[in-house]
Amino acid sequence: MTSTTKSTARLPGVHSYILLDRTGSMSGIWEEALGSVNAYAHSVGEKEKDEADIETVVNLAVFDSQNGLAFDVLRRKVDARAWKDVTIDEAQPRGMTPLFDAIGRLVSMAESDGPEKAVLVIMTDGHENASREMTSIGAKVALDRARSRGWEVIFLGAEFASFSDAQSVGVGRERSMAFSSRRSRTVMHAVGKKSRGYALRNEDVMFDDVDRQCAEEEDVKCRKES
């Protein structure tokens, strides 16, 4: 008598890793920032008509500096369809910006999971100013490993239009964008849809002129330059 083992095919899909700046300067737009994360989760998990079923897993980490890197994972391996909205009761802005250290931790988290497809979303409103573990070169090496696996990496500036840090870690203009706080939910909803397109059709997660207009990128630039 022989026994047979029934195998369960794993759905194609995408794992999202959101890195959200929790530093003190985010206090004025914190509610909008959290709302944008929730918008992303609901969007990436929302199946369109005639679309195939896919696995959509979302991870959220917030970071700042409290005598060194504070990297707190608020959501870990959550099915986007069962997402529980993150609220201001779970995290409050504080501290400085150890951006490079946080990028290194985020990539390590994604690598430990080893998904076939992943989107890494980095959202900040300021420059790196507090990393102790990693330089821009180290952060770029980490993101290069992610990109070598075919994963998508994007950089979003929340009311912030200087992308020297993004460039230093290898994120080009086509995958970085500034947005006004009032457009944050709309922007992240769109990024969620782009992430689904990457999972389903291997589409690049990139920004075009329509995206930038919707994000009010030029308005952000003008406000920062005035």
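None of these values were measured; they are calculated from a predicted model. (Residues numbered from 1 in each chain as written. Predicted model: local features only at pLDDT ≥ 70, side-chain atom pairs only at ≥ 80, totals over all residues. Heavy atoms only, no water.)

**Focus: the overall build of the chain**
Threshold: By the criteria applied, helices consist of DSSP H or I runs no shorter than four residues and strands consist of E runs no shorter than two, each listed in order from the N terminus. Burial classes follow relative accessibility: with a 1.4 Å probe on protein chains only, a residue under 20% of its type's maximum area counts as buried, one over 50% as exposed, and anything between as partly exposed. Should any heavy atoms of two residues lie within 4.5 Å, those residues are considered in contact. To be clear on the numbers: accessible area is Shrake-Rupley with a 1.4 Å probe, and residue cover counts the displayed protein chains and nothing else. Note that His is not counted, nor are the chain ends; the positive residues are Lys and Arg, and the negative ones are Asp and Glu. Working definition for charges: the position is that of NZ of Lys, CZ of Arg, CG of Asp or CD of Glu.
Helix and strand content of the chain: seven helices and six strands. When the helices and strands of the chain are read in sequence order from the N terminus, they spell out β-α-β-β-α-β-α-β-α-β-α-α-α. Overall, the C-alpha framework of the chain stretches about 75 × 40 × 35 Å when taken along its three principal axes. Looking at the chain as a whole, 53% of its 226 residues are labelled buried. Sequence separation of 24 or more characterises 78% of the internal contacts of the chain that already satisfy a separation of 6 or more. Within the structure as shown, the chain displays about 10700 Å² of accessible surface, and the carbon and sulfur contribution to it stands at 47%. Distance between charge centroids for the chain: 4 Å, based on 31 positive and 37 negative side chains.

**Some remarks on the nonpolar core**
We count it as follows: We call a set of buried residues a nonpolar core when its members are Ala, Val, Leu, Ile, Met, Phe, Trp, Tyr or Cys and they connect through side-chain atoms within 4.5 Å of each other.
The biggest cluster of nonpolar side chains holds 68 residues, and the ones touching the most others in it are L19, L20, L120, L143 and L156. Of all the elements, helix α2 (residues 99-113) adds the most residues to this core, at eight residues. With sequence-adjacent residues up to four places away left out, L156 is seen in contact with V121, I122, M123, T124, M177, F179, V187, M188 and F207.

**Considering the packing of aromatic side chains**
Our working definition: Paired rings are identified among Phe, Tyr and Trp, the last through its six-membered ring, by centres lying within 6.5 Å, and are further divided according to the angle between planes into stacked (under 30 degrees), edge-to-face (over 60) and tilted (the rest). Placement of a charge over a ring requires the Lys NZ or Arg CZ to be within 6 Å of the ring centre, with the centre-to-atom vector within 35 degrees of the ring normal.
Per the stated rule, a full pass over the model turns up one aromatic pair. Pairing F155 with F163 gives two aromatic rings, centres 5.9 Å apart and planes at 80°, and the pair type is edge-to-face. The two residues F155 and F163 agree in class, both being buried. Across the ring face of W83, the terminal group of R75 is positioned such that the distance to the ring centre comes to 5.5 Å. Just above the ring of Y198 sits the side chain of K117; from NZ or CZ to the centre is 5.3 Å.

**Describing the sheet that holds strand β3 (residues 69-79)**
Our working rule: Strand pairing follows a simple DSSP-based rule, namely that at least 2 bridges must link the two strands. Here an axis means a line fitted to C-alpha atoms, over the contact stretch when the element is a helix, while the angle between two N-to-C directions is reported on a 0 to 180 degree scale.
On the basis of which strands lie adjacent, the open sheet formed by six strands has the order β3-β2-β1-β4-β5-β6 and mixed pairing. The two strands at the open ends of the sheet, each matched to only one other strand, are β3 and β6 (176-179). With direction set aside, neighbouring strand axes in the sheet form an average angle of 20°. Relative to strand β2 (residues 55-65), strand β1 (residues 13-21) runs parallel, the two sharing nine bridges.

**Let's talk about the confidence of the model for the chain**
Defined as follows: pLDDT expresses, on a scale from 0 to 100, how confident the predictor is about each individual residue.
Taken residue by residue, the chain gives an average pLDDT of 94. The fraction at 70 or more is 94%. Taken as a whole, residues 1-9 scores under 50 in pLDDT and shows zero contacts with residues more than four places along the chain or in a different chain.

**Some words on the pairing of β6**
Each regular strand carries side chains that alternate between the two faces of the sheet. Here β6 shows two buried faces, one formed by S176 and A178 and the other by M177 and F179. Where strand β5 (residues 152-158) meets β6, four bridges bridge the pair, whose relative direction is parallel. Note that in β6 the partner of F155 across the bridge is S176.

**A short note on the packing of helix α1 (residues 30-44) against helix α5 (residues 184-201)**
Here is the rule we go by: Reported orientations rely on four angle classes, namely roughly parallel under 35 degrees, roughly antiparallel over 145, roughly perpendicular from 65 to 115, and oblique for the rest. Each crossing gets its handedness from the near helix: less than a right angle anticlockwise from the far helix is left-handed, clockwise is right-handed.
Where α1 contacts α5, the axes come no closer than 7 Å and their chain directions differ by 30°. Taken together, the axes of α1 and α5 lie roughly parallel to each other. At the point where α1 passes α5, the crossing takes the right-handed sense. On the side of α1, the interface is formed by E31, E32, G35, S36, V37, A39, Y40, S43 and V44, while α5 contributes S184, R185, M188, H189, V191, G192, K193, S195 and R196.

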